[in-house]
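Coordinate analysis (summary)
What follows is the residue order along each chain.
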Amino acid sequence: RRSFWLHGSYGTGKSYAAIFVKHLLEEKPEVIETFMGSHSALSQYRNRFLKNRRKGDYLVIWKTGCTGMRSGEMMLLEMEAAVQEALRRKFGENADMGSSSLLDAVRRKLTDASINWPYLLDSTTLGEDYTTVEKLRLAVDNGDLKAIQRTADVIRRQGWGLTNTLETFKAWITEIIAANNLQKSGIFFIWDEFTEYVEHSDDHTVMQQISEFTKEQPFFAFYVVHRSEEMMDSMGKERYQLITNRFHTVEFHISQDAAFDLIKGSFQIRPNMENHWNEARRGVVGRIRRALPDMVGISDRISEDIDWI
């Protein structure tokens, strides 16, 4: 049992594919049964997929982008906030948020009377943004991830715990799954546009450990990444493969039809310039006509008739 890694070039439809998966996990089983049965390419998977769906509803999280996120700790905070939001959206007042989250641990420390927080504000960089303890507590209570992360950093430097945020997160997810009766289905965390973290963060350990966590609990990560040659050059192919080997990996390639549609659609003919374009087009077609016989058969839409260009 593994998490999922979807990668490919821009414009290949990765995000649409991820949205499609989201709908498959959220729509009513009878709707999915009808839909999958009406598409021959999907019908072979219908029974296996519906067997899982009928075990219970999944908690599906959709998150897009990770601008400025570089550390594993920040990643966990972002994930935790997204899970809490999804729980509130799905279960409303009946949502059980658990009691062992990192956010709750930071909140508890901020209300610990034995800690001199006014002194810590004066003696650390926290005081640059939060002039009073009340302002800091308000920011943390409102879910300000920057305030939570910076407060957690101060707590750790003082040696007051919160040293193993990954284990804290795992323990919280385990509690969340049991408390909200998700044991037979699970949590599916889809993170679109995850490229920036993969490309720029030096901390991939948490990301990899979260992918392995699915072997312990039904918590499935689904990362959508733009894979480019630039990324391969900067990261190194071996390092990238080392990361992706932990996942069920799907690479998206653009189809021939879509490629030719994109090329054709990139030409914008200005008003009253149609005749000029047709003349220019003939010149282009004349130069590639020799290659047309080799291109015939690549796609049903390509023939030696120039109308498709």
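One structure accompanies this document, and this report is about it. (Residues numbered from 1 in each chain as written. Predicted model: local features only at pLDDT ≥ 70, side-chain atom pairs only at ≥ 80, totals over all residues. Heavy atoms only, no water.)

Let's talk about the pairing of strand β1 (residues 3-8)
In plain terms, the rule: Exposure classes here rest on a 1.4 Å probe applied to the protein chains alone. A residue is buried below 20% of its type maximum, exposed above 50%, and partly exposed in between. The helix count covers DSSP runs of H or I at least four residues long, the strand count covers runs of E at least two residues long, and both are numbered beginning at the N terminus. When DSSP finds two or more bridges between two strands, those strands count as paired.
Counting buried residues in β1 gives five out of six residues, a clear majority hidden from the surface. Two elements, β1 and strand β4 (residues 219-226), share five bridges in a ladder whose sense is parallel. Pairing of Leu 6 across the sheet is with Val 224, part of β4.

Considerations on the sheet that holds strand β2 (residues 59-64)
What counts is decided by this rule: To get an axis, fit a line to the C-alpha atoms, keeping to the stretch in contact for a helix; angles then go from 0 to 180 degrees between the N-to-C directions. Note on contacts: a residue pair is in contact if any heavy atoms of the two residues lie within 4.5 Å.
In space, the five strands of this open sheet follow the order β2-β3-β4-β1-β5, with parallel pairing throughout. The two strands at the open ends of the sheet, each matched to only one other strand, are β2 and β5 (247-252). For this sheet, the mean angle separating the axes of adjacent strands, direction not counted, is 15°. As defined by bridge partners, β2 adjoins strand β3 (residues 187-192) across six bridges and the pair is classed as parallel. Bridge pairing in β3 places Leu 59 opposite Ile 187. Sheet strands touched by helix α5 (residues 72-91): β2, β3 and β4. Its angle to β2, the strand with the most contacts, is close to 130°. Running over the sheet, helix α13 (residues 205-212) touches β1, β4 and β5 and is turned about 135° from β4.

Things to note about the packing of helix α6 (residues 102-110) against helix α9 (residues 133-141)
Quick note on the threshold: Here the angle decides the label: under 35 degrees means roughly parallel, over 145 means roughly antiparallel, 65 to 115 means roughly perpendicular, and every other value means oblique. By definition, turning the near helix anticlockwise from the far helix through less than a right angle yields a left-handed crossing, and turning it clockwise yields a right-handed one. Three classes are used: nonpolar for Ala, Val, Leu, Ile, Met, Phe, Trp, Tyr, Cys and Pro, charged for Asp, Glu, Lys and Arg, and polar for all others, with Gly counted as polar.
Where α6 meets α9, the closest approach of the two axes is 10 Å, and the angle between their N-to-C directions is 160°. The orientation of α6 relative to α9 falls into the category roughly antiparallel. As for the relative orientation of α6 and α9, their crossing is left-handed in sense. Residue-level contacts link Val 106, Arg 107 and Leu 110 of α6 to Leu 136, Arg 137, Val 140 and Asp 141 of α9. Classifying every residue of the contact of α6 with α9 by side-chain character gives four nonpolar, no polar and three charged.

Re the packing of aromatic side chains
Convention followed: Stacked, tilted and edge-to-face are the three classes applied to pairs of Phe, Tyr and Trp rings, where Trp contributes its six-membered ring and a pair requires centres within 6.5 Å; stacked means planes under 30 degrees apart, edge-to-face means over 60, and tilted covers the rest. Counted as over-ring charges are cases with an Arg CZ or a Lys NZ within 6 Å of the ring centre that also lie within 35 degrees of the ring normal.
Under the defined criterion, the tally for this structure stands at 17 aromatic pairs. By the ring-pair criterion, three or more aromatic residues cluster together here, those being Trp 5, Phe 189, Trp 191, Phe 194, Tyr 197, Tyr 223, Tyr 240 and Phe 247. For the cation-ring pair, Lys 90 lies above Phe 91, with the distance from its terminal atom to the ring centre recorded as 5.8 Å.

Remarks on the packing of helix α11 (residues 165-179) against α13
For the pair α11 and α13, the least separation of the axes is 11 Å and the interaxial angle reads 30°. If you check the angle between α11 and α13, you find them roughly parallel. Remark: the crossing between α11 and α13 carries right-handed chirality. Contacts from Leu 166, Phe 169 and Lys 170 of α11 reach α13 at Val 206, Gln 209 and Ile 210. Class assignment of the residues belonging to the contact of α11 with α13 gives a composition of four nonpolar, one polar and one charged.

Brief notes about the nonpolar core
Selection criterion: To qualify as a nonpolar core, a set must consist of buried Ala, Val, Leu, Ile, Met, Phe, Trp, Tyr and Cys residues joined through side-chain atoms within 4.5 Å.
The biggest cluster of nonpolar side chains holds 63 residues, and the ones touching the most others in it are Met 75, Phe 194, Ile 210 and Tyr 223. Ile 210 has contacts with Ser 3, Leu 76, Met 79, Leu 166, Phe 169, Phe 219, Ala 221 and Tyr 223, leaving out every residue within four places of it along the chain. Formed by 11 residues, the second largest nonpolar core is a distinct cluster that contains Leu 25, Val 60, Ile 190 and Val 224.

Digging into the pattern of salt bridges
Threshold: When a carboxyl oxygen of Asp or Glu lies within 4 Å of a side-chain nitrogen of Lys or Arg, that pair is called a salt bridge.
One pass over the full model with this rule turns up 13 salt bridges. A salt bridge links Glu 196 to Arg 70; the nearest nitrogen and oxygen atoms lie 2.9 Å apart. Separated by 126 residues along the polypeptide, Glu 196 in helix α12 (residues 195-200) and Arg 70 in the loop between β2 and α5 bring together distant segments of the chain. A relative accessible area of 25% places Glu 196 in the partly exposed class. The partner of Arg 89 in a salt bridge is Glu 85, and the shortest N-O contact between them spans 3.8 Å. With Arg 89 and Glu 85 both in helix α5 and four residues apart, the pair spans about one turn of that helix. Since its relative accessible area comes to 47%, Glu 85 is described here as partly exposed. Taken together, the shared-partner salt bridges connect Glu 167, Lys 170 and Glu 216 into one network.

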